[in-house]
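One-letter residues, chain by chain:
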Amino acid sequence: MQNTEEIWRLADAKKPEFEALSDRVWGMPELAYTETRSCAEHTAMLREQGFRVTEKVAGIPTAVMGEAGEGGPVIAILGEYDALPGLSQEAGVAEPRPLPGPGFGHGCGHNLLGSASLLAATAVKDWLAANGLPGRVRYYGCPAEEGGAAKGFMVRDGAFKDVDIAISWHPAAFAAVQEAVSLANTRIDFSFVGRASHAAAAPHLGRSALDAVELMNVGVNYMREHMPSDARIHYAYLDAGGVAPNVVQPTAKVRYLIRARDLVELRRLIERVRKIADGAALMTETKVSSKVVSGVSNLLGNTPLERAMQSNLDRLGPPPFDDLDRARAAEFQATLTEEDIAASWRRIGLPMRKGVSLCDVVVPLEVRGAPMMGSTDVGDVSWVVPTVQARGSTYAIGTPGHSWQLTAQGKLPAAHKGMVHVAKVMAGTAIDCLRDPALIEAAKADLAARTAANPYEPVLSPDVQPPFDMSVTAA
Ligand SMILES: [Zn+2]
């Protein structure tokens, strides 16, 4: 207890620098794999705090790792800093007001995510130094969480191979241990090639690639009735074959995003979607080829680590929000529907309390909400290293993910308080592991048991390269 409190004091001692880091990254929103300035900010902070820095982890220009300490177990704390397109918004303003510029914004709170994780790693480094204990702490600055699956490429490259425990978090409405439920997914581009011709004078000579994509989509939409209810399939046209209706479209490209509860189910669905693509090519006498763009695994939980993290949360209590924070959060709640707010309570599994704008509790470990239907590349890390994640309370209850309201709240005092709070939770959990080898052993045994019947087979095959240009189309 005494030492765990020391770690909280160490986190508090450095909070101004890290709140400022978060605000700077908020002010330079960069999309997946183009986070040059944000990564440079994190790299500079790692150097300033005395970490040994490795740049371009796994050959990714915007991935960075800093290590401190000697010998002992290796604890990794994972951060992110990528932003999203279409979510630019003035800070602190409770009405839609995009800033001038390309329209990017931190609508998922990754400015806070990276800074809190780096603060936690710094506090652990300072704790190791103060106590003269063996052990290493690493901060991994991971780019492109939004669809780029960077952590999957980092896992494939062996970036975590000597890591004993991984800890991370995500901004949320409530302070809790993250329930390890997410969907495995993959993005696959299907390209069809046909033959151009005059659509009126010689239609019989043309073979339409656009027809092929349309038939593929119809086929997949019919398949929906016959797939697991928690699987998800979405698609977007990348190339509709041109703008002239009187030219039979010789090329067309569609991006499929396929999600399933686990890797086994995902592989089955991919196989079926591929058959439908082949069928569409057969029907239209076109040719189809495909390219896997990215993919992530579902998350695996870790019971011993989740218990350790919960114990830190229970001792720490909810974030220290005040009446002013609650009043500001209420302004944002006024822009939401009753349904948005109810959904937030349902997701966390607590009965709704009207008039509560910010989290004022620590959610007990046994409380289970509606399962998360999104995906995260932390999933791949969780298959190779025992991993635990927190939910840090940084915004008004009911705020939808990927919304202008979320961007707007990213620099408020409540966001800073939630960020420092969750940094303490992560740092405390790391210290528990460093002080107790039995906890690390139990966490490893838990992971071994979860993967015994079903060993890790990544979605990313060795020939898939990180999609460094993926944000060009988004921009
Ligand atoms: Zn996110």
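What counts, and at which threshold
Residues numbered from 1 in each chain as written. Predicted model: local features only at pLDDT ≥ 70, side-chain atom pairs only at ≥ 80, totals over all residues. Heavy atoms only, no water. Pairing = 2+ DSSP bridges. Helix = DSSP H or I, 4+ residues; strand = E, 2+ residues; numbered from the N terminus. Axes fitted to C-alpha atoms, helices over the stretch in contact; angles between N-to-C directions. Contact = heavy atoms within 4.5 Å. Donors = N, O, S within 2.8 Å, 3.2 Å for Na, K, Ca; no water. Buried < 20%, exposed > 50% of the residue type's maximum accessible area, 1.4 Å probe, protein only. Core = buried A, V, L, I, M, F, W, Y, C linked by side-chain atoms within 4.5 Å. Salt bridge = Lys/Arg side-chain N within 4 Å of Asp/Glu carboxyl O. Parallel < 35°, antiparallel > 145°, perpendicular 65-115°, else oblique. Left-handed = near helix turned anticlockwise from the far one by under 90°. Nonpolar A, V, L, I, M, F, W, Y, C, P; charged D, E, K, R; others polar. Expected span 1.5 Å × (residues − 1). Arc of directions from axis to C-beta. Phe/Tyr/Trp six-rings, centres within 6.5 Å; stacked < 30°, edge-to-face > 60°. Lys NZ or Arg CZ within 6 Å of the ring centre and 35° of its normal.

As annotated in an unreviewed UniProt entry, the protein chain carries the name Amidohydrolase and is attributed to Belnapia mucosa.

Student: Can you explain the sheet that holds strand 9 (residues 251–260)? Please cite residues and give values.
Tutor: Across the sheet, which stays open at both edges, the four strands sit in the order 8-9-7-10 with antiparallel pairing between neighbours. Bordering the open sheet on either side are strand 8 (232–239) and strand 10 (287–296), each of which pairs with just one other strand. Averaged over neighbouring strand pairs, the angle between their axes works out to 20° when direction is ignored. The sheet contact formed by strand 7 (residues 184–193) and strand 10 spans nine bridges and is antiparallel.

Student: So what about the sheet that holds strand 5 (residues 165–172)? Which residues, and what values?
Tutor: Sheet architecture is open: seven strands sit in the order 1-2-4-3-5-11-6, paired in mixed fashion. Where the open sheet ends on each side, the last strands, each with one partner, are strand 1 (52–55) and strand 6 (176–177). Most of the contacts of helix 8 (residues 303–316) go to strand 11 (residues 387–393), to which it runs at about 30°, and overall it touches strand 5, strand 6 and strand 11.

Student: Would you mind going over the coordination of the zinc ion in detail, with residue names and values included?
Tutor: At the metal site, the zinc ion is ligated by Cys 108 (SG), His 110 (NE2) and His 170 (NE2), and these contacts range over 2.1 to 2.3 Å. Each donor residue of the zinc ion lies on one chain, and together they are spaced C-x1-H-x59-H. Assigned by exposure class, Cys 108 and His 110 land together as buried.

Student: Requested: an account of unusual backbone geometry, with residues and values cited.
Tutor: Despite not being glycine, Ala 144 shows a phi value in the positive range, around 50°. You can see Ala 144 is positioned in the loop between strand 4 (135–142) and helix 5 (150–156). Positive phi outside glycine occurs at Glu 285, with the angle close to 55°. With respect to the secondary-structure elements, Glu 285 resides in the loop between helix 7 (263–284) and strand 10.

Student: How would you summarise the nonpolar core if you had to cite specific residues and measurements?
Tutor: Val 124, Ile 167, Phe 174 and Met 426 are the most contacted members of the largest nonpolar core, which totals 70 residues. Here this core takes twelve residues from helix 13 (residues 413–435), the largest share from any one element. Excluding residues that lie within four positions of it along the chain, Phe 174 makes contacts with Ser 344, Trp 345, Ile 348, Leu 350, Cys 359, Val 363, Arg 391, Gly 392, Ser 393 and Ile 397.

Student: Before we move on, can you summarise the pattern of salt bridges with the specific residues and values?
Tutor: Here the structure, examined in full by the defined rule, presents 29 salt bridges. The closest approach of N and O atoms between Glu 80 and Lys 151, which form a salt bridge, is 2.7 Å. Taken together, the residues span a long stretch of sequence, with Glu 80 in strand 3 (residues 74–80) and Lys 151 in helix 5 at a distance of 71 residues. Among the residues examined, Lys 151 registers a relative accessible area of 0% and is labelled buried. A salt bridge links Lys 125 to Asp 126, with the nearest nitrogen and oxygen atoms 2.8 Å apart. Ionic contacts of the salt-bridge type, sharing partners, join the residues Arg 52, Glu 67, Glu 70, Arg 136, Arg 138 and Asp 162 into one network.

Student: I'd like a rundown of the packing of helix 3 (residues 36–48) against helix 4 (residues 110–131), residues and numbers included.
Tutor: The interhelical angle for the contact between helix 3 and helix 4, taken along N-to-C directions, is 15°, at an axis separation of 11 Å. Judged by the angle between their axes, helix 3 and helix 4 are roughly parallel. As helix 3 packs across helix 4, the resulting crossing turns out to be right-handed. Contacts from His 42, Met 45 and Leu 46 in helix 3 reach Gly 114, Ser 115 and Leu 118 in helix 4. For the contact of helix 3 with helix 4, the per-class residue count stands at three nonpolar, three polar and no charged.

Student: Can you explain helix 14 (residues 437–451)? Please cite residues and give values.
Tutor: Given a rise of 1.5 Å per residue, 15 residues ought to cover 21 Å, and the 21 Å separating the end C-alpha atoms of helix 14 matches this to within 8%. Buried residues of helix 14: Leu 439, Ile 440, Ala 443, Asp 446, Leu 447 and Thr 451, and no others. End-on view of helix 14: buried residues confined to an arc of 120°, all on one side of the axis. The exposed set on the far side of helix 14, more than 90 degrees from its buried face, consists of Pro 437, Glu 441 and Ala 449. Where the residues of helix 14 are buried, they touch strand 3, strand 5, helix 8, helix 11 (378–384) and helix 13.

Student: Let's hear about the packing of aromatic side chains: which residues, and what values?
Tutor: Scanning the model with the defined rule gives six aromatic pairs in all. Three or more aromatic residues link up through ring pairs in this structure, and these residues are Phe 190, Tyr 235 and Tyr 256. Just above the ring of Phe 51 sits the side chain of Lys 125; from NZ or CZ to the centre is 5.8 Å.

Student: If you had to explain the packing of helix 2 (residues 15–26) against helix 13 to someone new, which residues and values would you point to?
Tutor: In the contact formed by helix 2 and helix 13, the axes pass within 10 Å of each other and the chain directions differ by 120°. The orientation of helix 2 relative to helix 13 falls into the category oblique. For the pair helix 2 and helix 13, the crossing hand works out as right-handed. Every residue of helix 13 that contacts helix 2 at Lys 15, Phe 18, Glu 19, Ser 22 and Asp 23 is listed here: His 416, Met 419 and Val 420. Residue composition of the contact of helix 2 with helix 13, by class: three nonpolar, two polar and three charged.

Student: Which residues make up the environment of Ala 58, and what values do they have?
Tutor: Secondary-structure assignment places Ala 58 in the loop between strand 1 and strand 2 (64–70). For Ala 58, a relative accessible area of 23% translates into the label partly exposed. Separated by 97 residues in the primary sequence, Ala 58 and Val 155 have C-alpha atoms spaced 8.5 Å apart. If sequence neighbours within four positions are ignored, Ala 58 has contacts with Phe 153, Met 154 and Asp 157.

Student: Describe helix 2, naming the residues involved and giving the relevant values.
Tutor: Taking 1.5 Å of rise per residue, twelve residues should cover 16 Å, and helix 2 covers 16 Å from first to last C-alpha, within 8% of that figure. The set of residues buried in helix 2 consists of Phe 18, Glu 19, Leu 21, Ser 22, Val 25 and Trp 26. Down the axis of helix 2, the sector holding all buried residues measures 155°, keeping them to one side. Looking at the buried positions of helix 2, the neighbouring elements they touch are helix 3, helix 4, helix 12 (404–408) and helix 13.

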